[in-house]
Amino acid sequence: MRQSMPSWVRVPVIFFIIFGLVEYFVNSGKLPAFVEYPMVLLFLAFVLFVLVAIEAIVNSLGNILYQSLDEEGKAKYDATEPKTSKWVNKIKSIYKKSLGSKPMAKEHEIILDHSYDGIRELDNDLPPWWLYGFYASIIFAVIYLIRFEVLDGYNQYDELETEYAEAQVAIEAYKKTAKNLVDFNTVEVLTSPADLSNGKALYEINCVACHQSDGGGGIGPNLTDEHWILGGGIKHIFKTISEGGRTGKGMIAWKQSLKPLEIAQISSYVLQFQGTTPEKPKEAEGDIWKE
């Protein structure tokens, strides 16, 4: 079997093609698919294992078939082998030298004394990728130890606290634009004509029966004076409408039937009554409210 591309090139190329297809077709948002979905990582690891295994089997079979040829057959096979470029041959030469392995003619020098069913073992050096990887892991461990344990560098706990702080800022920013997430602490007076118009419509549907259309009061208190039973201002009005009035004699909690934005709109509209003169004002109740 002729292979124009060496296995150490072919395996990465095929693997990264598959990797690219997975990333393209799997919707994982901003994160890579193998990070967002652990099963994708497991799949890619399996694919890489299969590719390496296929290459190893094919090369082993090719070597067995080559060794089964006689000298004339080997010569013919070698003559038909495609020539590789100089830089590839140079890399192979450097790699073989770094292995420190003996040629077949000198294997008797490194053969071990023991044998298993007639199979003798060679005392070859460790592969360079393993040996250099081991040295690199030692260097990395020393640097990591000094940076994070001795010099107290930026670690995972610091990173987590930073992410929490950034998330809190993002939540607060989102709340400012998501009006339906408004609450007692974040509510502000709405002044746009659309908000006030909707607040008026909601007031006339839900509040007129107790407070009159002009806010003069009836069953409920007068909304035009400076007196407030449970506190004035946008925040306290919002809370009173949302949570309800005094237990047993106050109004119901409207949070069950109105959205936070709608309560904010009604609260902002109620403030429009301040300083107006209703037709039949009810006597003031509560204390004078000052912001």
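Residues numbered from 1 in each chain as written. Predicted model: local features only at pLDDT ≥ 70, side-chain atom pairs only at ≥ 80, totals over all residues. Heavy atoms only, no water.

(A) Looking closely at the pairing of strand S1 (residues 111-116). Sheet analysis places S1 next to strand S2 (residues 119-122), joined by 3 bridges and oriented antiparallel. In the sheet register, Ser115 faces S2, and the bridge partner there is Arg120. As consecutive antiparallel partners, S1 and S2 are separated by 2 residues, and within that stretch Asp117 has a phi angle of approximately 50°, a positive value. (Pairing = 2+ DSSP bridges. Helix = DSSP H or I, 4+ residues; strand = E, 2+ residues; numbered from the N terminus.)

(B) Representation of the confidence of the model for the protein chain in the model. Here the protein chain averages 84 in pLDDT, while 93% of its residues score no lower than 70. Highest mean pLDDT in the protein chain belongs to helix H8 (residues 193-206) (93); lowest belongs to helix H5 (residues 86-99) (74). (pLDDT = per-residue confidence, 0-100.)

(C) Just the nonpolar core, in detail. Core analysis: the biggest nonpolar cluster contains 21 residues, and Tyr203, Ile266 and Val270 have the highest contact counts within it. Of all the secondary-structure elements, those providing two or more residues to this core are H8, helix H10 (233-243) and helix H11 (260-270). For this core, the leading source of residues is H11, giving 6 residues. Sequence-distant contacts of Val270, defined by excluding residues within four places in its chain, comprise Tyr203, Leu223, Trp228 and Ile237. Val11, Phe15, Val47 and Leu51 belong to the second-largest nonpolar core, a separate cluster that totals 8 residues. (Core = buried A, V, L, I, M, F, W, Y, C linked by side-chain atoms within 4.5 Å. Buried < 20%, exposed > 50% of the residue type's maximum accessible area, 1.4 Å probe, protein only. Contact = heavy atoms within 4.5 Å.)

(D) Local environment of unusual backbone geometry. One non-glycine residue, Gln212, adopts positive backbone phi at about 70°. One can find Gln212 in the loop between helix H9 (208-211) and strand S3 (227-228). Take Gln212: its relative accessible area is 35%, and that puts it in the partly exposed class.

(E) Molecular detail of the pattern of salt bridges. Tallying each qualifying case throughout the model produces 3 salt bridges. Note that Arg10 is salt-bridged to Glu55, the shortest N-O span being 2.7 Å. One end of the pair, Arg10, is in helix H1 (residues 7-25); the other, Glu55, is in helix H3 (residues 38-68), and 45 residues separate them in sequence. Overall, Glu55 belongs to the buried group, its relative accessible area being 12%. Across the pair Lys255 and Glu243 runs a salt bridge, and its minimum N-O distance is 3.0 Å. Taken together, the residues span a long stretch of sequence, with Lys255 in the loop between H10 and H11 and Glu243 in helix H10 at a distance of 12 residues. For Glu243, a relative accessible area of 45% corresponds to the partly exposed category. (Salt bridge = Lys/Arg side-chain N within 4 Å of Asp/Glu carboxyl O.)

(F) Local environment of H3. Taking 1.5 Å of rise per residue, the 31 residues of H3 would be expected to cover 45 Å, and the 45 Å separating its terminal C-alpha atoms lies within 8% of that figure. When we look at burial in H3, the residues that qualify are Val40, Leu44, Val47, Leu51 and Glu55. Of the surrounding secondary structure, the elements contacted by the buried residues of H3 are H1 and helix H2 (33-36). (Expected span 1.5 Å × (residues − 1).)

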